[in-house]
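# A closer look at the structure
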Amino acid sequence: TPIAAVIPAAGRGVRLGPGAPKALRALNGTPMLIHAVRAMAASRAVSLVIVVAPPDGAAEVKSLLDAHALPERTDFLVVPGGETRQESVRLGLDALPPEYEIVLVHDAARPLVPVETVDAVIEAVREGAPAVVPALPLADTVKEVEPAAEADQPEPVVATPDRARLRAVQTPQGFDRGTLIRAHETVTDNVTDDASMVEQLGLRVVVVPGHAEAFKVTRPLDLVLAEAVLARRRL
Ligand code: C5P
């Protein structure tokens, strides 16, 4: 069965500092989005990549894809995105042709995910899981806090969840097509990942091992790390 990847790339990247939309910023001379597209197309199972561009940037993204070498066995579509990540993913799913029974959703902001992780996610969906997420154990202990009443006051700690049972979740997340579409039709709360919408439907979501290089480029220091990883790969 053919597999499609939807790449939401419509975020502004405010936490990265001023500049172009995050996905269009360069890592070692190549836009982050192009790295992310290549990471999905690196899997031989992926035959379509749908890029969700900034709402006013679809033409620019199309010419970027044309200007960079991409595998010939993969098709590419570009659609304009929305106000939230969730809306952007839904707009990407609207463009998904019916023959794709398995769909990956991958953040443009995780440009360096290795193909082994992509293939592990695909494999678990093929084996029957309706939703699959790659994830890693946490290095830090995590505390739940009560947001402070005033901005300059310290925040009281409410709880310390058992770290051994926590996982930091990455992308690509993999789905049975019908499940993901139903989740996007049903769940309206604002969520930060697609799998949590499937959890809200009461369906089984499973975790496969993630990868350190699938980290999300969010803050300025992440750019330094990403460029160092690319230099080591000689890209
Ligand atoms: O903001 P955050 O880092 O969670 O964004 C994750 C991904 O979602 C990024 O690749 C970003 O471009 C995308 N996004 C989007 N549309 C939005 C907001 C974020 O496609 N409105």
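Residues numbered from 1 in each chain as written. Predicted model: local features only at pLDDT ≥ 70, side-chain atom pairs only at ≥ 80, totals over all residues.

## What about the overall build of the chain?
Helices and strands together make up the secondary structure of the chain, namely seven helices and twelve strands. The C-alpha atoms of the chain give a radius of gyration of 18 Å, which matches the 18 Å a tight globule of 235 residues would have. C-alpha atoms of the chain, sized along the principal axes, occupy 55 × 40 × 35 Å. Here the chain, with 235 residues, has 39% of them falling under the buried criterion. (Helix = DSSP H or I, 4+ residues; strand = E, 2+ residues; numbered from the N terminus. Rg over C-alpha atoms; globule rule 2.2 N^0.38 Å. Buried ≥ 20, exposed ≤ 12 C-beta atoms within 10 Å, placed from the backbone.)

## Thoughts on unusual backbone geometry
With an omega of 10 degrees, the peptide bond running from T171 to P172 counts as cis. Its location among the elements puts P172 in the loop between β10 (167–169) and β11 (173–176). For N28, which is not glycine, the phi dihedral falls at a positive 45 degrees. Considering the arrangement of structural elements, one finds N28 in the loop between β2 (26–27) and β3 (30–31).

## Looking at the UniProt feature "site: Transition state stabilizer" (unreviewed entry) in the chain
Here the UniProt feature "site: Transition state stabilizer" (unreviewed entry) sits at R15 and K22. Inspection of the secondary structure puts R15 in the loop between β1 (3–8) and β2. Given 12 C-beta atoms within 10 Å, R15 falls into the exposed group. Setting aside its immediate chain neighbours within four residues, R15 contacts T218 and R219. Secondary-structure assignment places K22 in the loop between β1 and β2. Judged by C-beta crowding, with 25 C-beta atoms within 10 Å, K22 ranks as buried. Setting aside residues up to four positions removed in sequence, K22 forms contacts with G11, R12, G13, L16, M32 and A109. (UniProt positions renumbered as here; feature names shortened; annotations may be inferred. Contact = placed C-beta atoms within 7 Å.)

## What about the nonpolar core?
Counting residues in each nonpolar core, the largest one holds 58 residues, and the members touching the most others are V6, I7, L33, M40, V49 and V51. A total of eight residues in this core trace back to one element, the largest contributor, which is helix α1 (residues 32–41). With residues up to four places along the chain from it excluded, the contact list for V49 reads A5, I7, V37, M40, A41, T74 and F76. (Core = buried A, V, L, I, M, F, W, Y, C linked by C-beta atoms within 7 Å.)

## Focus: helix α4 (residues 115–126)
For α4, spanning twelve residues, the distance from its first C-alpha to its last is 16 Å, which sits close to the expected 16 Å at 1.5 Å a residue. For α4, the full list of buried residues reads T117, V118, V121, I122 and V125. Take α4 and look down its axis: the buried residues cluster within an arc of 135 degrees, on one side only. The elements touched by buried residues of α4 are β1, α1, β6 (102–105), β7 (131–137), β11 and β12 (205–209). Just past α4, the residue G128 takes up positive phi, approximately 120 degrees. (Expected span 1.5 Å × (residues − 1). Arc of directions from axis to C-beta.)

## Re the site of the ligand
Neighbouring residues of the ligand: 18 residues in total, closest P8, A10, G11, S88 and A108. The residue makeup of the shell around the ligand, split by class, is seven nonpolar, six polar and five charged. (Near = placed C-beta within 6 Å. Nonpolar A, V, L, I, M, F, W, Y, C, P; charged D, E, K, R; others polar.)

## Focus: the environment of V49
Checked against the element boundaries, V49 lands in strand β4 (residues 46–53). Placed 44 residues apart in sequence, V49 and A5 show a C-alpha to C-alpha distance of 4.8 Å.

## Let's talk about the UniProt feature "site: Positions MEP for the nucleophilic attack" (unreviewed entry) in the chain
Here, UniProt's "site: Positions MEP for the nucleophilic attack" (unreviewed entry) annotation points to R163 and K216. Within the secondary structure, R163 is located in the loop between β9 (157–159) and β10. Setting aside residues no more than four positions away along its own chain, R163 makes contact with L138, T141 and V142. With respect to the secondary-structure elements, K216 resides in the loop between β12 and α7 (220–233).

## Remarks on the confidence of the model for the chain
Summing up the model confidence of the chain, the mean pLDDT is 96 and the portion of residues at 70 or higher is 100%. Interface scoring of the predicted complex returns ipTM 0.95; its pTM is 0.96. (pLDDT = per-residue confidence, 0-100.)

## Quick notes on helix α5 (residues 177–186)
If you check which residues of α5 are buried, you get R177, T179, L180, A183 and H184. Of the surrounding secondary structure, the elements contacted by the buried residues of α5 are α3 (85–94), β6, β7, β11 and α6 (195–200).

## Topic: the pairing of β6
Along β6, one buried face is formed by I102 and L104 and the opposite face, lined by V103 and V105, is buried too. Bridge count between β1 and β6: four bridges; the pairing is parallel. Within β6, the residue paired with A5 across the bridge is L104. Strand direction decides the pairing type here: β6 and β11, joined by four bridges, are antiparallel. Its bridge partner being in β11, L104 is matched across the sheet by G174. (Pairing = 2+ DSSP bridges.)

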